[in-house]
Amino acid sequence: MSVSAYPSLTQLAQALHSRQISAVELAQHYLDRIATHNAKLNVYLSLDADRTLADARECDARLAAGEQNALLGIPIAHKDLFCIDGWRTTCGSKMLHNFVAPYTATVVHKLREAGMVTLGKVNMDEFAMGSSNENSYFGAVHNPWDPLRVPGGSSGGSAACVAADLAPCATGTDTGGSIRQPSAFTNLTGIKPTYGLCSRYGMVAFASSLDQAGPIARSSEDCALLLSAMTGFDERDSTSLARPVVDYRAHLQQSIKGLRIGLPKEFFNAAGTDTAVQAALQQAIAVWRSLGAEMVEVSLPKVDYSVPAYYVVAPAEASSNLSRFDGVRYGHRAALYKDLNDMYKKSRAEGFGAEVKRRILIGTYVLSHGYYDAYYVQAQKLRRLIADDFAQAYQHCDLVLSPTAPECAYPLGSKTDDPLKMYLGDIFTVAANLTGQPAMSLPCGFDAQGLPIGMQLIGNYFDEARMLNAAQQFQLATDYHLQRPKGF
């Protein structure tokens, strides 16, 4: 069997288990596509065909022995901040351009145990700081829907490789929308689970109280399958939650008649939201109603403070987490220096890019004596108030609906000179990270130029099953998620 264009993970699994195709043939198919298209998109940073094919051969042996795991033999790409033993892990930074990880992240380990085959490590904004994937030391990633536009960030490499069919799925991380926004820009489905469901062990930290791993794929069903394999308690991560592992795919066939979907007036009246995005959301609301869902207006009075609160908390935690990169034990070290202090300064000045330096400086400032109470403590108080607003809203609705981003993918370089303008692109996504709630993006239309538009669902804590089922029912009723970029 030849690999058909853009099959679902379930279709790939059926082909593998029926022996219509082998895991080695499937892996080689994607390696060939990477060789053909990667130069145009700048997606993959590290490849090792020998290791990939060796893993695929092991999967073929497991398949031949009758193992039935639904992910067995399916290839996957990993964002390049997940450590994998023996693979280079750069975080998109000069600071780690030659770092080879000595151990494997728990999320990657769980997916390996499920039988997934690593295709390679993909590009990202440096240390996950950015919304456009233009901050990588290795160059910007290009959007398959229009290579002159950004794919979103920081998981832009993960999204672009799936959108261009250089992998059937990928891992990403989401600190302020970094799974959801690139999914929206590339017509994919991506989910940030409840904080603590996926282990952060082996995931290089940006902002520890905000970072969460999640999958990027083509449909809610694919994401449900991946998320079921990624979650689970990990004693090596102090923020990991001891909860039963859920088979999310088993919850995908439920009617959503009577489901209450909240429409926050603050999100739907947000200034700067593109008219095409607004129109697509209204069309999506009509679909939800046709499926039997009830639309409920809700209010999140403090949500307008999400962006300023986030851009205090996240840089503060980043300044602390990135202090370990000093040129001593691993990572970039300056070639010329006078003494130890000079080595620290030059190594960090040379190793970090402009956006990372900006956030370290902001974070150090808000944590400094005299400003900690004025900025950081106030941001944490706002965080609590925003969570309280959502708790109040869930008394009237089951899920919250909003745009994922206020606009479609924008041209490369159009916002690099105005960081504040780029930060405001996170207006709809950062609240879910500040509160720790699950949230996902799914396709809901296209603008006049044919660029994808995404909508966001936010759920109450541990309500991933309800959220994924709602998304699945929407995708069964529409074909937005089936549309693919030309030329790939």
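Coordinates for the structure precede this section.
A few points on the structure. (Residues numbered from 1 in each chain as written. Predicted model: local features only at pLDDT ≥ 70, side-chain atom pairs only at ≥ 80, totals over all residues. Heavy atoms only, no water.)

A word on the overall build of the protein
Each helix and strand in the protein was counted, giving 16 helices and eleven strands. Each principal axis of the C-alpha atoms in the protein carries an extent, and together these give about 65 × 55 × 45 Å. Put simply, the protein has 488 residues, and 61% of those count as buried. A separation of at least 24 residues holds for 76% of the contacts in the protein among residues at least 6 apart in sequence. Looking at the protein as shown, the accessible area adds up to about 17,800 Å², and 51% of this sits on carbon and sulfur atoms. Once the 43 positive and 47 negative side-chain charges of the protein are each reduced to a mean point, those two points are 2 Å apart. (Helix = DSSP H or I, 4+ residues; strand = E, 2+ residues; numbered from the N terminus. Buried < 20%, exposed > 50% of the residue type's maximum accessible area, 1.4 Å probe, protein only. Contact = heavy atoms within 4.5 Å. Areas by Shrake-Rupley, 256 points an atom, 1.4 Å probe, with all protein chains shown as cover. Lys, Arg positive; Asp, Glu negative; His and termini not counted. Charge placed at Lys NZ, Arg CZ, Asp CG, Glu CD.)

As for unusual backbone geometry
The omega angle of the peptide bond from glycine 153 to serine 154 is 5°, so this bond is cis rather than trans. Among the structural elements, serine 154 can be located in the loop between strand E3 (117-122) and helix H5 (156-163). Backbone geometry places asparagine 133, a non-glycine residue, at a positive phi of 60°. Notably, asparagine 187 is not glycine yet its phi reads approximately 65°, a positive angle. Residue position: asparagine 187 is located in the loop between helix H6 (180-185) and strand E5 (189-192). Residue asparagine 187 is classed as buried on the basis of its relative accessible area, which comes to 1%.

Quick notes on empty space enclosed by the protein
Scanning the model with the defined rule gives three cavities of 30 Å³ or more in all. Counted as a void, the largest cavity has a volume near 90 Å³. Class assignment of the residues belonging to the lining of the largest cavity gives a composition of five nonpolar, eight polar and two charged. (1 Å grid on protein atoms, 1.4 Å probe; cavity = no way out; pocket = protein on both sides within 12 Å on 5 of 7 lines; lining within 4 Å. Points joined across faces, edges and corners; volume = space filled by probe spheres on them. Nonpolar A, V, L, I, M, F, W, Y, C, P; charged D, E, K, R; others polar.)

Some thoughts on the side chain of serine 158
Turning to its location among the elements, serine 158 is positioned in helix H5. A distance of 2.7 Å separates the side chain of serine 158 from the backbone oxygen of threonine 171, its partner in a polar contact. For serine 158, the residues in contact, after removing those within four places along its chain, are Lys79, Val122, Asn123, Ala170, Thr171, Gly172 and Ile216. (Polar contact = N/O pair within 3.5 Å; in protein donor to acceptor, adjacent residues only side chain to side chain.)

Examining the nonpolar core
A general feature of soluble globular proteins is that nonpolar side chains tend to end up buried together. Core analysis: the biggest nonpolar cluster contains 150 residues, and Tyr44, Leu71, Phe127, Cys161, Leu226, Trp288 and Leu457 have the highest contact counts within it. A total of nine residues in this core trace back to one element, the largest contributor, which is helix H10 (residues 306-321). With sequence-adjacent residues up to four places away left out, leucine 457 is seen in contact with Trp288, Leu399, Val400, Leu401, Pro438, Ala439, Met440, Leu442, Met467, Ala470 and Ala471. In this structure, Val150, Phe185, Tyr410 and Met422 belong to the second largest nonpolar core, which totals six residues. (Core = buried A, V, L, I, M, F, W, Y, C linked by side-chain atoms within 4.5 Å.)

Thoughts on the pairing of strand E6 (residues 212-217)
Extensive coverage of E6 is indicated by the burial of six of its six residues. Residues Gln212, Gly214 and Ile216 point to one face of E6 and Ala213, Pro215 and Ala217 to the other, with burial holding for every one of them. As defined by bridge partners, strand E4 (residues 170-174) adjoins E6 across five bridges and the pair is classed as antiparallel. The partner of glycine 172 across the bridge, within E6, is glycine 214. Bridging between E5 and E6 involves two bridges; their strand directions are antiparallel. Paired with threonine 189 across the two strands is alanine 217, which belongs to E6. (Pairing = 2+ DSSP bridges.)

Considerations on the pattern of salt bridges
Under the counting rule described, the total for this entry stands at 16 salt bridges. For aspartate 165, the salt bridge goes to arginine 33, with nearest N and O atoms at 3.6 Å. With a gap of 132 residues between them, aspartate 165 in the loop between H5 and E4 and arginine 33 in helix H2 (residues 23-41) connect regions that are remote in the sequence. Close ionic contact of arginine 466 with aspartate 398 constitutes a salt bridge, the shortest N to O distance being 3.6 Å. Remark: aspartate 398 occurs in the loop between helix H13 (372-393) and strand E9 (399-403) and arginine 466 occurs in helix H16 (residues 464-477); sequence separation between them is 68 residues. (Salt bridge = Lys/Arg side-chain N within 4 Å of Asp/Glu carboxyl O.)

Overview of H10
Under the 1.5 Å per step criterion, the end-to-end length of H10 is 22 Å for 16 residues, consistent within 8% with the ideal 22 Å. For H10, the buried fraction is high: 14 of the 16 residues fall into the buried class. (Expected span 1.5 Å × (residues − 1).)

Observations regarding a nonpolar patch on the surface
A grouping of Val328, Leu340 and Tyr344 is seen on the molecular surface, where their side chains present a nonpolar patch of about 240 Å² in accessible area. Mapping leucine 340 onto the fold places it in helix H11 (residues 340-351). (Patch = residues over 30% accessible without salt bridge, like charges linked within 9 Å, V, L, I, M, F, W, Y side chains within 5 Å.)

Looking at the packing of H10 against helix H12 (residues 354-367)
Where H10 contacts H12, the axes come no closer than 7 Å and their chain directions differ by 100°. In terms of orientation, H10 lies roughly perpendicular with respect to H12. Contacts from Tyr311, Val312, Pro315, Ala316 and Ser319 of H10 reach H12 at Arg359, Ile360, Ile362, Gly363, Thr364, Val366 and Leu367. Residue composition of the contact of H10 with H12, by class: eight nonpolar, three polar and one charged. (Axes fitted to C-alpha atoms, helices over the stretch in contact; angles between N-to-C directions. Parallel < 35°, antiparallel > 145°, perpendicular 65-115°, else oblique.)

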